[in-house]
Amino acid sequence: NILIQPDGKILLCGYIYDIGCNCNYNTMFRTDECGNVDSSFGVNGLVRHTFDQRNSGTFYVLQPDGKILVSGYKNPESAIIRLNEDGTLDSSFGVSGKAFVKPSLFGPGASRVYGLKIGLSSDNSILAAGVYAENTIIHTGFVIRFNSDGQIDSTFGENGIPLFYGLTYHISDLFVLPTDEILVLCNFQDAVSNRPKATLIKWLPSGKIDASFANQGFAQLTIGNKGSTCGSGFLQPDGKVVVLSVFK
């Protein structure tokens, strides 16, 4: 990921594998707008952070105040961390800078949570979409909302965690519209054809699926009886979404 700060500084975000500890580090590097290393960020322009090893940062969002949100995965749970503008962990967020999405949130059958994508609403609350697995077969998508302090907002959807039922095996992207409506781009298994379908789901700010959108809230990319899978997407200023998809 590449993030551009309001002052023109550039954040390059990703993760690296360290053979010494057999673990992944969430990594961010900052330069000024001319490409010069910004030594005031982290250590000589570099921040390395781990969610407790063997993990990776998967999605990055820049807040209006310059703080940085990172979603990541450490089997069996996912987490969101928040960093201050200088790259240090923001201890006021969640628990010591981390807000966790644990399998236990979804009942005793859930075994892991993965694929967390995040976005910001107009009041700086944090929306996250991901998938939880009950076994190797059943994977269910969800959207969850955190308050700006990293606590789950229980007023959103069903006790803070609305679900979209069905076999959902990958969340590709999450977009928050200026109206605070939410678009989730995912790969969804079609129950009739048993083929994957690239799917865009629209949620109301209340956490309910918008039944007036497409087919009861679900828009699926289809060509004849072919299946489709999606990569990332792009939200245009007019609210339309451009999707990279493969048909097979």
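Here, the structure is the one placed above.
Figured I'd write up the structure that's included with this text. Please read all numbers here as calculations on a predicted model, not as lab measurements.

1. Observations concerning the overall build of the chain
Then, in step 1: A tally of helices and strands in the chain yields zero helices and 18 strands.
Then, in step 2: Radius of gyration (C-alpha) of the chain: 18 Å, near the 18 Å computed for a compact globule of 248 residues.
Then, in step 3: With respect to the three principal axes, the spread of C-alpha positions in the chain is 55 × 40 × 40 Å.
Then, in step 4: In the chain, which comprises 248 residues, the share counted as buried stands at 49%.
Then, in step 5: Taking the contacts inside the chain whose residues are at least 6 apart along the sequence as the reference set, 40% of them involve residues at least 24 apart.

2. Quick look at the sheet that holds strand β3 (residues 23-31)
Then, in step 1: Taken together, four strands build an open sheet; the order of strands is β1-β2-β3-β4 and the sheet is antiparallel. On the outer flanks of this sheet lie β1 (2-4) and β4 (46-49), each paired with one strand and no other. For this sheet, the mean inter-axis angle between neighbouring strands, taken without regard to orientation, is 25°.
Then, in step 2: Sheet topology places β3 next to β4; four bridges connect them, and they run antiparallel. Considered in β4, the bridge of N26 is made with H49.

3. What to know about the nonpolar core
Then, in step 1: Judged by nonpolar contacts, the single largest core of 20 residues is most densely connected at L69, I80, F106, I118, I126 and F142.
Then, in step 2: Only β5 (56-62), β8 (98-101), β9 (112-120), β10 (126-133) and β11 (139-146) provide two or more residues apiece to this core.
Then, in step 3: It is β9 that provides the largest number of residues to this core, a total of four residues.
Then, in step 4: If we ignore the near neighbours within four places in the chain, the residues touching I118 are F59, V61, L69, V70, S71, I80, I126, L127, A128 and L174.
Then, in step 5: The next biggest cluster of nonpolar side chains, apart from the first, holds 18 residues, and it includes Y114, V143, V176 and F188.

4. Considering the pattern of salt bridges
Then, in step 1: Enumeration over the complete set of coordinates arrives at eight salt bridges.
Then, in step 2: Between D90 and K67 there is a salt bridge, and its shortest N-O distance comes to 3.1 Å. Of this pair, D90 sits in the loop between β7 (77-83) and β8 while K67 sits in the loop between β5 and β6 (68-74), placing them 23 residues apart in sequence. For the pair D90 and K67, one class covers both residues: buried.
Then, in step 3: When the shortest N-O distance is used, the salt bridge between D90 and R82 registers 2.8 Å.
Then, in step 4: Under the relative-accessibility criterion, D90 is labelled buried at 5%.
Then, in step 5: The exposure class of R82 is buried, given its relative accessible area of 7%.
Then, in step 6: Taken together, the salt bridges that share partners define one network made up of K9, R30 and D38.

5. A short note on the layout of surface pockets
Then, in step 1: By volume, the largest pocket amounts to about 270 Å³.
Then, in step 2: Lining the largest pocket, in full, are F59, V61, I118, G119, L120, D173, L174, F175, V176, G233, F234 and L235.
Then, in step 3: Mapped by element, the contributors of at least two residues to the lining of the largest pocket are β5, β9, β13 (168-176) and β17 (228-235).
Then, in step 4: For the lining of the largest pocket, the class distribution of residues is nine nonpolar, two polar and one charged.

6. Comments concerning the packing of aromatic side chains
The way to describe two aromatic rings as a pair is by their centre distance and the angle between their planes.
Then, in step 1: Taken as a whole and assessed by the stated rule, the structure comprises three aromatic pairs.
Then, in step 2: Ring centres of F106 and F142 lie 4.8 Å apart, and the angle between their planes is 45°; this geometry places the pair in the tilted category. Taken together, the positions of F106 in the loop between β8 and β9 and F142 in strand β11 put the pair 36 residues apart, joining distant regions of the chain. There is no split in this pair, since F106 and F142 are both buried.
Then, in step 3: Sitting over the ring of F100, K102 keeps its end group 4.7 Å from the ring centre.
Then, in step 4: Over the ring of Y114 we find R112, and its NZ or CZ is 4.4 Å from the ring centre.

Quick notes on the rules
Residues numbered from 1 in each chain as written. Predicted model: local features only at pLDDT ≥ 70, side-chain atom pairs only at ≥ 80, totals over all residues. Heavy atoms only, no water. Helix = DSSP H or I, 4+ residues; strand = E, 2+ residues; numbered from the N terminus. Rg over C-alpha atoms; globule rule 2.2 N^0.38 Å. Buried < 20%, exposed > 50% of the residue type's maximum accessible area, 1.4 Å probe, protein only. Contact = heavy atoms within 4.5 Å. Pairing = 2+ DSSP bridges. Axes fitted to C-alpha atoms, helices over the stretch in contact; angles between N-to-C directions. Core = buried A, V, L, I, M, F, W, Y, C linked by side-chain atoms within 4.5 Å. Salt bridge = Lys/Arg side-chain N within 4 Å of Asp/Glu carboxyl O. 1 Å grid on protein atoms, 1.4 Å probe; cavity = no way out; pocket = protein on both sides within 12 Å on 5 of 7 lines; lining within 4 Å. Points joined across faces, edges and corners; volume = space filled by probe spheres on them. Nonpolar A, V, L, I, M, F, W, Y, C, P; charged D, E, K, R; others polar. Phe/Tyr/Trp six-rings, centres within 6.5 Å; stacked < 30°, edge-to-face > 60°. Lys NZ or Arg CZ within 6 Å of the ring centre and 35° of its normal.

Spatial relationships are all this shows, so hold off on functional conclusions.
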